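# Fold and contact review
This is what each chain is made of:
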Amino acid sequence: MAIITISRGSYSKGKEVAEKVAARLGYEVLSRDVLLEASDRFHIPEIKLVRAIHDAPSILDRFTHGQQAFVAYIQSALTQRVLKDNVVYHGLAGHLLLKGVAHVLKVRIIADLADRVASEMGRERVSEEEARTQIIKDDQERRKWTHSLYGVDPWDPSLYDLVIRIHKLMVDDAVDFICQAAGREQFKATAESQRRMQDLALACQVKAALADQYPDLAVSSEFGNVLIYTRTGDRQARRLDEKAKSLAREIKGINNVEIRAGVAVPPNAV
Amino acid sequence: MSSIIISTDLLSVGQMIAERTAQALGYAHLGRQILSSVAEKHQVREDKLVAALDEDASFWGLASKNRDLYLAYIQAATLDQFLGDNVVCEGLAAHLYIRDVSHILMIRILSDPKVRANQIAAQQDIPPKRARQLLERQEKRRRRWSLRAFGLAEADPSLYDMVISLSQIEADKAVDILTDTVGYRKFQPMTYSRQCLQDKALASQVRATLVPRFPGVKVQSRDRIVVVQTRTFKRNKRQKAEAIKEIAQQIPGVEYVEVHSNKDFLRQGKDSTD
């Protein structure tokens, strides 16, 4: 019983690895479904969500926080889907969207640029130069995206439990390692890690509900007690408090909601 | 049989994993214990060799010329040990100079950052926050060292077949992964991969012999033919090439030596401005 996130670059064979791991373990495989669900639930066109999770924020986005709201919707949809466990997620930033949950096995699949270029040339029927340019551009966008929203580099191996390079090691070898690791005691859901997952899902739900009006707030939850961190002044904080109280009646699982204005955001907040 | 190179962010963790893996496979453990014999062979202090592996060159510490010299000695000794196969190596920076040999499994082990920070806090009797700052500084220094000494960023995951973090995966499981993986067909030596290793070993022997007299030389080898690249002024070019050939040809295993001198960069600069 585990949740496996597989981070990958384009044409790194990460999708193939994810699908084979899911097939072998009998897990559900998630990627685009999360975007579709977020699109349905929050009435946002899928293309906007795809752009939000793929393209680095523009200068305008940094002021309007539009991208942060879209990411909050995606994170909310993802955390709801993985609540029931036994899931392999190979979309973008799973290791960051599900941070702080002990039974999440975080994997990154990498491949040499030359191998990736050859794959893209074969699949898209483009020249070597075009394929190389596209892959480098994609990599840069993803690095910028992760850095601007989370302040980390997705290529930093310390963000993952396992980084596997598909070169000498093949897709099936990677599948073996991941399945073995997922079976370890550390990655099995415990009452505590399951509770943490539920709190994360709850915090994400609250954040998604407030994201369009208050995109720069942070939310944490402990045993259903939700804390909302904001930098706004007293007047706006009072308005936020009223909104939060009404949310507490709408969202199942909330015991209590409190607003914390002007205090440091803890690392477990989303 | 194949070999394993382990790179790590904490020396003691690398040693522990390498020892356990070597024991499980019945391989030899190759670590910093070879430095005493290297020091004796080249008449240098062992602590200087350790410093070359751990510290960046600086005005107050190790000069870059000496660092390159000591690393050349270590490289030659390490590659010599690899020729025997069945080796688990750590702590000698082998992941930065033994590249592209298909039968060597390259692994990076990342220790739990909390454990590392606690270790520093306990050793230096400082608060955890300060220990984390020191850790970040150490990582930056290490990155600078690997870039300056070998032109590679040690933490780059594309240098390895696999990176395992010990934050969630315990050391015994990492040892299991290593012992299983090294048995894969891809890591079995072939004639070509053995030849690659022999070429690297010979090139590093030649370099270690030449570097004391000709710092900055680059050496490549293929099928006992050695190519030495050096920078020289036009007036010294012939003398220097002859001296290099004379020294290199005495090294066992060398059949033929070719010396390529880079252009006289100072004269070239002068001519271009005339």
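Not measured: the values here are computed from a predicted model. (Residues numbered from 1 in each chain as written. Chains lettered and ligands numbered in written order. Predicted model: local features only at pLDDT ≥ 70, side-chain atom pairs only at ≥ 80, totals over all residues.)

### Overview of the domain arrangement of chain A
Here the domain parsing of chain A yields domain 1 (3-187) and domain 2 (217-261). Computed from C-alpha coordinates alone, the two centres of domain 1 of chain A and domain 2 of chain A are separated by 30 Å. (Domains from an automatic or database assignment.)

### Structural notes on helix α8 (residues 128-150) of chain A
Residue and element names in this part refer to chain A. The first and last C-alpha atoms of α8 sit 33 Å apart over 23 residues, in line with the 33 Å expected at 1.5 Å per residue. Among the residues of α8, Ala131, Arg142, Trp145 and Thr146 are the ones counted as buried. At its buried positions, α8 is contacted by α7 (113-124). Positive phi shows up at Gly151, right after α8, with a value of about 70°. (Helix = DSSP H or I, 4+ residues; strand = E, 2+ residues; numbered from the N terminus. Expected span 1.5 Å × (residues − 1). Buried ≥ 20, exposed ≤ 12 C-beta atoms within 10 Å, placed from the backbone. Contact = placed C-beta atoms within 7 Å.)

### Points about the domain arrangement of chain B
Under the domain assignment used here, chain B contains domain 1 (3-187) and domain 2 (213-273). When each unit is reduced to the centre of its C-alpha atoms, the spacing between domain 1 of chain B and domain 2 of chain B is 31 Å.

### Digging into the interface of chain B and chain A
Frequently, the measure chosen for interface size is the accessible area removed from exposure when the parts meet. Contact residues are listed per partner, giving 20 residues for chain B and 17 residues for chain A. Taken together, the elements giving at least two residues each to the side of chain B that touches chain A come down to β4 (104-110), β5 (162-165) and α8 (171-181) of chain B. Looking at the side of chain B that touches chain A element by element, the count peaks at 4 residues for β5 of chain B. Its residues placed into classes, the side of chain B that touches chain A shows 11 nonpolar, 5 polar and 4 charged. (Nonpolar A, V, L, I, M, F, W, Y, C, P; charged D, E, K, R; others polar.)

### Description of the confidence of the model for chain B
Residue and element names in this part refer to chain B. Averaged over every residue, the pLDDT of chain B is 89; the share at 70 or more is 95%. A low-confidence stretch, residues 265-274 stays under pLDDT 50, and its non-local contacts, those more than four residues away or across chains, total 3 contacts. Reported for the predicted complex are a pTM of 0.85 and an ipTM of 0.84. (pLDDT = per-residue confidence, 0-100.)

### A few points about the sheet that holds strand β6 (residues 218-222) of chain A
What holds strands together in a sheet is hydrogen bonding between their backbones, with the strands either parallel or antiparallel. Residue and element names in this part refer to chain A. Reading across from one edge, β6-β7-β8 is the order of the 3 strands in this open sheet, with mixed pairing throughout. Two strands close off the open sheet at either side, each with one partner strand: β6 and β8 (256-261). Direction aside, the axes of adjacent strands within the sheet are offset by 20° on average. One ladder, built from 5 bridges, connects β6 with strand β7 (residues 225-230); its direction is antiparallel. Paired with Ser221 across the strands is Val226, a residue of β7. Packing of helix α10 (residues 191-210) onto the sheet brings it into contact with β6 and β7, and relative to β6 it is tilted by some 145°. (Pairing = 2+ DSSP bridges. Axes fitted to C-alpha atoms, helices over the stretch in contact; angles between N-to-C directions.)

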